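# Summary of structural features
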Amino acid sequence: MEAVDPVIFRLAIFVLAVFVGYYVVWSVTPALHTPLMAVTNAISSVIIVGALLAATATAGSEIAGEAASGGAGFSRGLGFIAIILASVNIFGGFLVTRRMLAMYKKKER
Amino acid sequence: MSVNLAALLYLVSGILFILALRGLSSPETARRGNVFGMAGMAVAIVTTLLAVNLDGLSLVLIVAGVAIGGGIGAVIARRVPMTAMPQLVAAFHSLVGMAAVLVAAAALYAPEAFHIADGLGNLKHLSLFELSMGTAIGAITFSGSVIAFAKLNGNMSGAPIILPVRHLINIGIGLFIAVMIAFLMASGGDAKLAFWLITIAAFVLGVTLIIPIGGADMPVVVSMLNSYSGWAAAALGFTLENTALLVTGALVGSSGAILSYIMCKGMNRSFISVILGGFGESGDAAAEAGPQGNAKQGSADDAAFVMKNAGKVIIVPGYGMAVAQAQHALKEMADMLKEEGVDVSYAIHPVAGRMPGHMNVLLAEAQVPYDEVFELEDINSSFSNADVAFVIGANDVTNPAAEDDPSSPIYGMPVLQVWKAKTVFFVKRSLGSGYAGVENPLFFRDNTMMLLGDAKKMVESIVKVLD
């Protein structure tokens, strides 16, 4: 039997994560829907891993030659901007969520 | 670091993100959840840094990038007023969208860095498809969020902008993007121009999709763009073969979709009709045709007297309260009533603010305890045994026409049944119609007393009388 393409495994992870997300988000109390949006915003900035890869691009293999080295420089520039954008979101998202959550207090008894 | 170890750590990061959202099921666990989220992000970033070859220049780029971005983010997070949260979230979505576009472009130009090139530096068809989807969804998220930001922030009118044959335009752009993706894949990644055409077309599509959607529907739009930013991240998660991105994208994507659904249900609108846009165009006509009658006017003294002697008061805040910055005065009023032995609670409609849960944050900021704040389905049955419903800055969400007038544009929308209370006080600047442009017959009912004036000043004068 031939081996299963790894893409199928990634698809499986993705589909299962959609279901996890579905159940987890329905259990979020409506009072915290705004912090939910702020924190989902922050975590979606995990796209910074892509930005880090882009910013560390090097000239690559011998075979690819000069074209690739130009690509690496361009990639680094794009990566740098993407790191800035994602960092705004990571810091801004988590900190504003923390600020909001700190305001939710119970009744003093 | 071995590839397998890195993959496992990305999985850990994904799980920490799940726990971050799980924590939000109650305010007590939410703060710990946020810490899990930060930990997940730290794990993902450190793992990546250990896996790549860092040289001097890239280290400088990374440190400078994080310092600049992080500094800006931290300042914004500290300074932004809570009333501006919807704009802020829209702005943040646009950044995720743009980052997705940039990462997709980098993957196309330097595939070796992303480990997606074959020995000759060419890209697989599937990778090209994934990164095309990443850039397309990212670009729509970016420009759509910029429009949503401008509408929410008042840089742009909230009125829907209706282009002729807009649906045809959108379908045309969508088809163009599909053709260009096919073209890029067929070229094996050489047709860089096709990639940029996809991106530009998607930027345009983001604008044409969001401009026809009116201000009243912005809560849905913000939630929807939240969802898009997740799907863009997920698409790139496939390209980068990264579990953390895949899981996060799926979580954020479904979160935004669920919030959009909740918002639509709160307004009794179908998701499709919101997306197609144009709501709020005919609002004026409906307002003129509405019933007229005599509204009873009251003063701060009347309100103070009745509420002081009431057993149970339910406060119904709306966005108008936040605009007037009346929440702190309102809290003061509630505290004084509680000292008089009155049972005070707050009733919140799902679309009371400009984004999901917005009103809860505004009340929390005014130090209203969250266990005094109730959602529509939990409190609606309590109005019948309340002495006073104190409506402040809300209108459409209390409109009885939504239940008994099939000709009303908001018929079928779930509303807070404030009219069942013995007395309704309605704080409002004028007798005009609400945000959706619909007349509210509640103003003319016998048990309703209008308190006309600025919300903050009115509450402050009630506080003065109570004192």
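Residues numbered from 1 in each chain as written. Chains lettered and ligands numbered in written order. Predicted model: local features only at pLDDT ≥ 70, side-chain atom pairs only at ≥ 80, totals over all residues. Heavy atoms only, no water.

What follows covers the overall build of chain A. Secondary structure summary: chain A contains four helices and zero strands in total. The N-to-C order of helical and strand elements in chain A reads α-α-α-α. Of all 109 residues assigned to chain A, the portion counted as buried reaches 56%. Here the contacts in chain A between residues at least 6 apart in sequence split such that 70% fall between residues at least 24 apart. Entry remark: accessible area of chain A is about 4,700 Å², with carbon and sulfur atoms responsible for 68%. (Helix = DSSP H or I, 4+ residues; strand = E, 2+ residues; numbered from the N terminus. Buried < 20%, exposed > 50% of the residue type's maximum accessible area, 1.4 Å probe, protein only. Contact = heavy atoms within 4.5 Å. Areas by Shrake-Rupley, 256 points an atom, 1.4 Å probe, with all protein chains shown as cover.)

Bringing the interface of chain A and chain B into the picture now. If you look at the interface, chain A gives 83 residues, while chain B gives 107 residues. The interface formed by chain A and chain B contains two salt bridges. Of the charged contacts, one joins R76(A) and D55(B) as a salt bridge, the two residues approaching to 2.7 Å between their closest N and O atoms. The interface formed by chain A and chain B contains 18 residue pairs in polar contact (both at pLDDT 80 or more). Taken together, the elements giving at least two residues each to the side of chain A that touches chain B come down to α1 (6-26), α2 (33-44), α3 (48-55) and α4 (65-103) of chain A. No other element matches the 30 residues that α4(A) contributes to the side of chain A that touches chain B. (Salt bridge = Lys/Arg side-chain N within 4 Å of Asp/Glu carboxyl O. Polar contact = N/O pair within 3.5 Å; in protein donor to acceptor, adjacent residues only side chain to side chain.)

Residues and elements named next belong to chain B. For strand β2 (residues 343-348), the tally of buried residues reaches five of six residues, placing the bulk of the element in the interior. Bridging between strand β1 (residues 312-317) and β2 involves four bridges; their strand directions are parallel. Paired with V313 across the two strands is V344, which belongs to β2. Pairing of β2 with strand β3 (residues 373-375) involves three bridges; the strand directions are parallel. Bridged to Y346 within β3 is V373. (Pairing = 2+ DSSP bridges.)

Before going further, it helps to examine the side chain of N34(B). Along the polypeptide, N34(B) turns up in helix α2 (residues 27-51). Its relative accessible area of 3% is what places N34(B) among the buried residues. If we ignore the near neighbours within four places in the chain, the residues touching N34(B) are V39(A), F94(A), T97(A), R98(A) and L101(A).

In this structure the tally under the stated criterion is eleven aromatic pairs over all chains. Pairing Y22(A) with Y23(A) gives two aromatic rings, centres 5.2 Å apart and planes at 85°, and the pair type is edge-to-face. For Y22(A), a relative accessible area of 38% translates into the label partly exposed. Ring geometry for Y22(A) against W26(A): centres 6.4 Å apart, planes inclined by 75°, an arrangement best described as edge-to-face. With Y22(A) and W26(A) both in helix α1, this residue pair falls four residues apart, about one helical turn. Its relative accessible area of 38% is what places W26(A) among the partly exposed residues. Through a chain of ring-to-ring contacts, three or more aromatic side chains come together here, namely Y22(A), Y23(A), W26(A) and Y261(B). (Phe/Tyr/Trp six-rings, centres within 6.5 Å; stacked < 30°, edge-to-face > 60°.)

Another point: the pattern of salt bridges. Residue and element names in this part refer to chain B. In total, this model carries nine salt bridges over all chains according to the counting rule given. Put simply, D343 and K312 hold a salt bridge, and the shortest N to O gap is 3.5 Å. Residue D343 is found in strand β2, and its partner K312 is found in strand β1; the two are separated by 31 residues along the sequence. With relative accessibility at 39%, the residue D343 sits in the partly exposed group. Notably, a salt bridge pairs K338 with D335, separated by 3.6 Å at the nearest N-O pair. Taken as a pair, K338 and D335 lie in helix α14 (residues 327-339) at a separation of three residues, close to a single helical turn. The class of K338 is partly exposed, set by a relative accessible area of 31%. Through salt bridges that share partners, K331, D335, K338 and E372 make up one connected network.

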